[in-house]
Structure formats: structure tokens, C-alpha cells
Amino acid sequence: MFPNQFEYQRPDSVQAAAGLLAADPDAKLLAGGHSLIPAMKLRLASPSSLVDLGGIEGLVGIDAAGTIAIGAMTTYAMLRDSRELSRVLPMVTDAADNVGDPAVQARGTLGGALAHSDPAADFTAIFLALNGSVDVTGTNGTRTIGADDLFVDLFTTALQPDEIITSVSFPAPDSGTGMAYEKFRHPASGYAVVGVAAVVTTGSDGNVASARIAITGAPSKATRASESEQLLQGKKLNDESIAAAAAAAANGLDINGDHFASEEYRRHLVGVLTGRALTRAAAGM
Ligand SMILES: Cc1cc2nc3c(=O)[nH]c(=O)nc-3n(C[C@H](O)[C@H](O)[C@H](O)COP(=O)(O)OP(=O)(O)OC[C@H]3O[C@@H](n4cnc5c(N)ncnc54)[C@H](O)[C@@H]3O)c2cc1C
């Protein structure tokens, strides 16, 4: 199907893009287009105007010295191929390598993935587990939104209609940190039927000092497995504590069922993948 007719605009600054969004509530930002364009072709989205971020300088790049800062228009392929990122945040490069296919990796952007808040996206869970934040600019100025506040619901974030994600930041991991992302891929698209990102830090006593576990694919938005995180706190990360955390991972989650996978099957996958992610995180410390 063809999309409805739309205007196309290519501003050269973030402020100009925010102004275009503020002037037309039916305008939409265009980043990699790999979620928006398919939705337009299916007429699930019919924006009056596309505001292309591709002409704005300064939105692409990775700085991994200290706090890790990544431009919103940085593609999965750039994440996948970054050697400095693979050293500090190996979960990010691994996951980027497993998004969709090479065409999706070449066009899809980190900012677009977070702004879209697709319930089956990979990087929503990774962002949440790594306790990231986004810098956003709108017509009222700039602000920072933390990981726990960004995702509101299915395809809904805390962004105002005229706000643009300009960069994504992650704290540099403390020593003694291990991280892993495990997903059960949809065989056709690669989207997460269920995905689990785990980031665990042990203190000098060898006990878990902090654990963040985030689930995607199962609930309507990326969600932390809070009960599992609490179970791990202060414990040794071993087979026994991992099994207990995995068994509790789906507790309190409102899990979707659809024609890809039933609610019961997704609940099962949440436990299995939490166990695998924690086991790999422990091995990577
Ligand atoms: C065949 C196929 C397979 C895929 N497989 C996977 C997969 O395995 N895992 C996965 O996670 N995803 C997958 N995707 C989705 C892909 O990752 C998308 O590219 C991504 O989710 C959105 O990024 P984008 O840059 O393409 O955003 P766009 O499609 O351009 O935009 C998406 C939405 O975000 C808004 N937006 C974009 N950038 C910004 C910004 N900087 N600030 C504010 N709002 C913004 C847009 O207005 C739009 O509403 C797949 C897509 C396809 C077509």
C-alpha cells in the first residue's frame, strides 16, 4: 500500500526541527524510517509532514571516554562496529548485531528505537538495564529524561510532541560489572518475542551490589523485573541465586499474548532468558 500524501522538510538545526513540530501537531520526525515508513505504508500512521533529522549535524557519534554519550541518529551498524563501545558496553554491540537484518542495522537509529517504544524492541530493555538517560530539546529548551521515566506505555514515551531526543547517555560501568542481553527472536523480523537485559555489579565482598534486569517483548513497554533485582541484592551471583531470580522474573508483569506467542509461553520465556542473561553476565564480570 502507498502512504497518504505528506510534506517533507529537512531542517538544519534541532531548534528548527522543534519549531516545525510545534507548528504542526500532525508532523512527525523521520530518523531511520524503519518503524515509521512501514507504519505509513500500512496507513497506521498518516503524518501531514515528515521532519527529517538527517540534515542536522552533531546527532551522530559515539564518545565512550567516561560517561558514554551516543548521538540520537547513530545507527545500529555504527553501534555494532564500534570497538570502543564493545570494550565498555559489550551488550550494546552484541544486541545491535542481532537487530533485524543488515538493512535495518544500516538505517535504524538508537534515538528512533527509544522514541518509538515498540513493545518488541531490543534497545528499550538495554537502555533500561544500563540505567541510561536521553537529552531532549523542544521549543521550551532542553531536559534530561532518565531510563525509569522514559517509557510510559505501548508506543508512548514521556517526550512532549515538539521534543527531539538529541543524545543517549549511559554511566560508565563500575568494575565488577557484567552484562548480557538474551532474546528469543521472531524468526521473520528478528524483533524480540521476549528479550531480557541484565546488568549486575558485585562489590569487593563478591556480593551483588546492584542488579538491573529489564524485560521487552512480554509487557506493553520495557519493564524492570523488580522482584528478581531485589532477590539478587547482597547475594553471591551463583546458580542458586540466578535460578531464584529467573523464577521470579515474570512476577508482577502484565504479559501480552498474541498470534506469535501465548501469554503463558512468553511468561516461560521471561524466566528462561533471565536465567541465561544473568549466567552470561556473571561470566563476563
Ligand atoms: C524488517 C524489520 C526488522 C526489524 N527488526 C527489529 C529487531 O529485531 N529489533 C528491534 O528492536 N527493532 C527492529 N526493527 C525496528 C527498527 O529497529 C527501527 O528502525 C527502530 O525501532 C526505529 O528507529 P528509526 O531510526 O528507524 O526510527 P523512525 O522509524 O524514523 O521513527 C520511529 C518513531 O520515532 C520518532 N523519532 C525518531 N527519531 C526521534 C528522535 N531523535 N527524537 C524523537 N522522536 C524520534 C519518529 O517520529 C517515529 O515516531 C525492525 C524493523 C524492520 C523494518
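Residues numbered from 1 in each chain as written. Predicted model: local features only at pLDDT ≥ 70, side-chain atom pairs only at ≥ 80, totals over all residues. Heavy atoms only, no water.

What follows covers the nonpolar core. By size, the foremost hydrophobic cluster in this structure holds 40 residues, and its most contacted members are Leu114, Phe123, Ile126, Phe127, Leu130 and Val134. For this core, the element with the highest residue contribution is helix 8 (residues 123–129), accounting for 6 residues. Structurally, this core is a two-domain feature, drawing no fewer than three residues from each of domain 1 (62–170) and domain 2 (177–283). Leaving out residues up to four positions away in the same chain, Val134 has contacts with Leu114, Phe127, Arg143, Thr144, Ile145, Leu150, Ile165, Ser167 and Val168. (Core = buried A, V, L, I, M, F, W, Y, C linked by side-chain atoms within 4.5 Å. Buried < 20%, exposed > 50% of the residue type's maximum accessible area, 1.4 Å probe, protein only. Helix = DSSP H or I, 4+ residues; strand = E, 2+ residues; numbered from the N terminus. Domains from an automatic or database assignment. Contact = heavy atoms within 4.5 Å.)

Here the focus is the sheet that holds strand 1 (residues 7–9). Read across the open sheet, the 3 strands follow the order 1-3-2; overall the sheet is parallel. The sheet is open, and its two edges are formed by strand 1 and strand 2 (27–30), each paired on a single side. Between one strand axis and the next, the sheet turns through 25 degrees on average, direction left out of account. Both strand 1 and strand 3 (residues 49–52) contribute to a ladder of 3 bridges, which runs parallel. Looking at the pairing, Tyr8 lines up with Leu50 of strand 3. (Pairing = 2+ DSSP bridges. Axes fitted to C-alpha atoms, helices over the stretch in contact; angles between N-to-C directions.)

Near the ligand, the surroundings consist of 31 residues, among which Leu29, Gly33, Leu36, Tyr76 and Thr109 are the closest. One of the side-chain nitrogen or oxygen atoms of Thr109 is found 2.6 Å away from an oxygen atom of the ligand. The set of elements that each furnish at least two residues to the shell around the ligand consists of strand 2, helix 7 (110–116) and strand 10 (164–170). Among the elements that make up the shell around the ligand, the one with the highest residue count is helix 7 (4 residues). Taken together, the residues that form the shell around the ligand break down as 16 nonpolar, 11 polar and 4 charged. (Near = heavy atom within 4 Å. Polar contact = N/O pair within 3.5 Å; in protein donor to acceptor, adjacent residues only side chain to side chain. Nonpolar A, V, L, I, M, F, W, Y, C, P; charged D, E, K, R; others polar.)

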